[in-house]
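Summary of the model geometry
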Amino acid sequence: MRYRLGVIMDPIATITTNKDSTLAMLLEAQARGYALYYMEQDDISMRDGISYGACRTLTVADNKQDWFQLGAASTLPLHELDVILMRKDPPFDMEYIYTTYALELAEQKGCLIVNKPQSLRDVNEKLFISWFPQCCATTLICRNRQQLRDFIDEQGSVVIKPLDGMGGESVFRTATDDPNKTVIIDTITRNGRRHVMVQRFIPDITEHGDKRILMIDGEPIPYALARIPAKGESRGNLAAGGSGKGVALSDRDRWICQQLGPELRQRGLIFVGLDVIGDYLTEVNVTSPTCVRQLDQIYKLNISATLFDAIERKLA
């Protein structure tokens, strides 16, 4: 059977091909004979209880200069596709949520959505670690400025960040004796009007980085990409100038994966990226996890093949 796969993503013309996980997935699907259909978020609509996509047929190539071709356009009921990869990057805003409702309609009519639309809404990438306190460093989520100041004084050194960011955006490190502590709190909470996350600073970030562990249907890939901060930085994100280094999973990493795996599987979160610093889980990335191509290159893997094996088990 030739499966029909739709992908919703940011403009494919703008991707960085040697780092783009979505392209790796599309290359694998194409190699398996899937028919590919390309969509962006503004191509999605709903009418009379049916979700539609203004699709273009798509072919891809592992080529830095000419990596895609778009073909004929057509508007399809989304449920006529076998599987849809929801790979739109944050911001996770109301427009993103509206798209998940459209995908949920298609899901109800038989289309497999990766990841499950309800779980994309339910699982905030920062907040969800609260379901696994045994895996985490001391963490506070609130918007009360005095409570935040007290927490910083208690912990000594912390990282504070918004609940809707990505790529290290608006992530601050501050400490008890930081003269900018109050202005950081005021700025990031918008003067107490926005909830934020503050975590005890984990010194392992400096030398060993922020590990991205990829989970497929609740099981980990045995290697992680450790994102090492640039000199003078406390953020390991590649988008913030960090550099990637492959590492094998530690016993603690595997234990963290065991704690989360059953819950991820139950929630229909087929492809997930865990962020781990030292011994501690810091984020659970469910929208558009990355690092596939880097790990494939370092360890001669094909992570997308593992993903599509899982997808095809569900389609069957």
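Residues numbered from 1 in each chain as written. Predicted model: local features only at pLDDT ≥ 70, side-chain atom pairs only at ≥ 80, totals over all residues. Heavy atoms only, no water.

The subject of this paragraph is the environment of aspartate 186. As for its position among the elements, aspartate 186 is in helix 5 (residues 181–188). Put simply, aspartate 186 and arginine 145 are 41 residues apart on the chain and 7.2 Å apart in space, counted from C-alpha to C-alpha. Residue contacts for aspartate 186: discarding those within four places in its chain leaves Arg145 and Asn191. (Helix = DSSP H or I, 4+ residues; strand = E, 2+ residues; numbered from the N terminus. Contact = heavy atoms within 4.5 Å.)

This part is about a negative patch on the surface. Taken together, the side chains of Asp93, Glu95, Asp164 and Glu169 define an acidic patch exposed on the protein surface. Mapping glutamate 169 onto the fold places it in the loop between strand 9 (157–162) and strand 10 (172–175). (Patch = residues over 30% accessible without salt bridge, like charges linked within 9 Å, V, L, I, M, F, W, Y side chains within 5 Å. Areas by Shrake-Rupley, 256 points an atom, 1.4 Å probe, with all protein chains shown as cover. Salt bridge = Lys/Arg side-chain N within 4 Å of Asp/Glu carboxyl O. Lys, Arg positive; Asp, Glu negative; His and termini not counted. Charge placed at Lys NZ, Arg CZ, Asp CG, Glu CD.)

What follows is about the pattern of salt bridges. In this structure the tally under the stated criterion is 19 salt bridges. Two residues, glutamate 28 and arginine 32, come together in a salt bridge whose shortest N-O distance is 2.6 Å. Between aspartate 153 and lysine 181 there is a salt bridge; the shortest N-O distance is 2.9 Å. Here the residue aspartate 153 occupies a position in helix 4 (residues 145–155), and lysine 181 occupies one in helix 5, the gap between them amounting to 28 residues. Residue aspartate 153 is classed as partly exposed on the basis of its relative accessible area, which comes to 39%. Among the residues examined, lysine 181 registers a relative accessible area of 11% and is labelled buried. (Buried < 20%, exposed > 50% of the residue type's maximum accessible area, 1.4 Å probe, protein only.)

The next point concerns a nonpolar patch on the surface. A surface patch of nonpolar side chains, amounting to about 430 Å² of accessible area, comprises Met46, Met94, Tyr98 and Tyr101. The dominant element in the nonpolar patch, judged by the number of residues it contributes, is helix 2 (residues 94–108), at 3 residues. With respect to the helices and strands, the residue methionine 94 is situated in helix 2.

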